[in-house]
Amino acid sequence: MNVNELKDKRIAVLLSGGVDSSVVVYELARLGLHPDCFYIKIGPEEEEKWDCSSEEDLEMATAVAAKYGCKLQVVDCHKEYWGQVTKYTMDKVKAGFTPNPDVMCNRLIKFGAFDEKMGHAYDLIATGHYAQTEWLEGRKWLTTSPDPVKDQTDFLAQIYDWQLRKALFPIGHMMKEEVRAIAESEHLVNAKRKDSQGICFLGQIDYNEYLRRYVGEQTGDIIELETGKKIGEHRGLWFHTIGQRKGLGLGGGPWFVVKKDVAANVLYVSHGYDPETAYKKDFRIHDLHWLTAAPQQVAGSLHPSASAEGVQQGWIPITFKIRHTPEFHPGYLELGATEALVHSADKIHGVAPGQFCVVYDEHHHRCYGSAEITV
């Protein structure tokens, strides 16, 4: 970060109570900056009935802000969260898809509703995401973190271009170990606090319990794909995702979820270890969302790890992710006006409709954006 570029900017820091966003405040404070800090309240409905850690989060955030002489304000985005992000989640699971609420939280809440409630008064919104931004060829791009395990560009790939222009990631160039070391050397109250796991608004609540409460149960058949034989019952298609091999309650496993028939309320599974039916090399994506610019063909560009055999003219070399993992898959993008085909160099396990496919350049450096998997 260049202090000269920041000193005249109004900066808001979103403090979660975790170690990452706390070190963000330190990083800005050591440059002589005193940003305004905010804790976004998005906790679940009827909070008294849920085991939510929001009270502890707020205590941690308050202590960190006070340590560096920054004021802290609580911003209530409860209605916006439950009216937008939760609606998106419920609509997707009811349709048999695999949603990602954390992706939509960044777009709709952290860089959306919060900014609106502040009257768009802040030039930059700083968060503890492991991601970077770079100005390349006169444009601001979202780029990956050097920490492949913690990289969170996949969670940011649905934000809007105007939100990206406001985004500031002060720890995005660090490894997690560096962030922990800073927190300990600064004696931050949450230096040894464990990273949060799961959906951001649930705290310690199990995701399936959340679905059970807000969607309910709908019993249906579990059918073996190869034989058509009924081998069990499920309690709701929304409790299962393509590629799943745990929690099915079936004997003689392993079993893999390979297909859902939403209209008939049938869950199809396949027996055996990593069956062929659980893999795909080609799949379609729609609702293309590009952050800075759409992927483009570069002359002479070819993946070193991908065979040129079968590659068609006009296919764009890319890397991509379909879930939050350290690995980037090499492949090609056959780009259309409103949808595209992803041609993976390798067979991919658990490609599920509704998941986001996050698209990067062939060096997995620039993040182009993401789109929803169709089939």
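### Looking at the overall build of the protein
Okay, step 1: Within the protein, the regular secondary structure consists of nine helices and 17 strands.
Okay, step 2: Every one of the 375 residues in the protein was classed for burial, and the buried ones make up 52%.
Okay, step 3: As displayed, the protein offers around 17600 Å² of accessible surface, 48% of which is attributable to carbon and sulfur atoms.

### Observations concerning the environment of aspartate 287
Okay, step 1: Along the polypeptide, aspartate 287 turns up in strand β12 (residues 279–290).
Okay, step 2: With 87 residues separating them in the primary sequence, aspartate 287 and threonine 374 have C-alpha atoms 9.5 Å apart.
Okay, step 3: Among all residues touching aspartate 287, those that are not within four sequence positions of it are Thr338, Ser370 and Ala371.

### Observations concerning the layout of surface pockets
Okay, step 1: Roughly 530 Å³ of volume is contained in the second largest pocket.
Okay, step 2: Taken together, 18 residues make up the lining of the second largest pocket; nearest its centre are Glu5, Thr133, Trp135, Lys140 and Leu168.
Okay, step 3: Put simply, the parts of the chain that give the lining of the second largest pocket at least two residues each are α1 (3–6), β5 (132–136) and β7 (167–168).
Okay, step 4: Residues that form the lining of the second largest pocket fall into these classes: eight nonpolar, four polar and six charged.

### Quick look at the packing of helix α4 (residues 78–94) against helix α5 (residues 101–117)
Okay, step 1: Contact pair α4 / α5: the axes reach a minimum separation of 10 Å and the direction vectors enclose 155°. As summarised for this structure, α4 and α5 are arranged roughly antiparallel, according to the angle between their axes. With respect to the hand of their crossing, α4 and α5 are arranged in right-handed fashion. Residues Glu80, Tyr81, Gln84, Val85, Tyr88 and Thr89 of α4 lie in contact with α5, whose contacting residues are Pro101, Met104, Cys105, Leu108, Ile109, Ala113 and Lys117.

### Some words on the pattern of salt bridges
Okay, step 1: Throughout the structure, instances matching the rule amount to 18 salt bridges.
Okay, step 2: Of the charged contacts, one joins lysine 176 and aspartate 20 as a salt bridge, the two residues approaching to 2.8 Å between their closest N and O atoms. Taken together, the residues span a long stretch of sequence, with lysine 176 in helix α8 (residues 176–185) and aspartate 20 in helix α2 (residues 19–29) at a distance of 156 residues.
Okay, step 3: What makes aspartate 20 buried here is its relative accessible area of 15%.
Okay, step 4: The residue aspartate 151 makes a salt bridge to lysine 321 at a minimum N-O spacing of 4.0 Å. With aspartate 151 in the loop between β6 (139–143) and α6 (153–156) and lysine 321 in strand β13 (residues 316–321), this pair connects stretches of sequence that are 170 residues apart.

### A word on the packing of aromatic side chains
Okay, step 1: Applying the stated criterion to the full structure yields ten aromatic pairs.
Okay, step 2: Where tyrosine 81 meets tryptophan 82, the ring centres are 6.5 Å apart and the plane angle is 55°; that geometry is what we call tilted.
Okay, step 3: Ring plane angle 85° and centroid distance 4.9 Å describe the contact between phenylalanine 328 and tyrosine 360, whose orientation is recorded as edge-to-face. Within this pair, whereas phenylalanine 328 is found in the loop between β13 and β14 (329–335), its partner tyrosine 360 is found in strand β16 (residues 356–360), the two being separated by 32 residues in sequence.
Okay, step 4: By way of ring pairs, the aromatic residues Phe38, Phe114 and Tyr122 are connected into one cluster.
Okay, step 5: For the cation-ring pair, lysine 321 lies above phenylalanine 328, with the distance from its terminal atom to the ring centre recorded as 4.4 Å.
Okay, step 6: Above the face of the tryptophan 141 ring, arginine 366 is positioned so that its terminal group lies 4.6 Å from the ring centre.

Parameters at a glance
- Residues numbered from 1 in each chain as written.
- Predicted model: local features only at pLDDT ≥ 70, side-chain atom pairs only at ≥ 80, totals over all residues.
- Heavy atoms only, no water.
- Helix = DSSP H or I, 4+ residues; strand = E, 2+ residues; numbered from the N terminus.
- Buried < 20%, exposed > 50% of the residue type's maximum accessible area, 1.4 Å probe, protein only.
- Areas by Shrake-Rupley, 256 points an atom, 1.4 Å probe, with all protein chains shown as cover.
- Contact = heavy atoms within 4.5 Å.
- 1 Å grid on protein atoms, 1.4 Å probe; cavity = no way out; pocket = protein on both sides within 12 Å on 5 of 7 lines; lining within 4 Å.
- Points joined across faces, edges and corners; volume = space filled by probe spheres on them.
- Nonpolar A, V, L, I, M, F, W, Y, C, P; charged D, E, K, R; others polar.
- Axes fitted to C-alpha atoms, helices over the stretch in contact; angles between N-to-C directions.
- Parallel < 35°, antiparallel > 145°, perpendicular 65-115°, else oblique.
- Left-handed = near helix turned anticlockwise from the far one by under 90°.
- Salt bridge = Lys/Arg side-chain N within 4 Å of Asp/Glu carboxyl O.
- Phe/Tyr/Trp six-rings, centres within 6.5 Å; stacked < 30°, edge-to-face > 60°.
- Lys NZ or Arg CZ within 6 Å of the ring centre and 35° of its normal.

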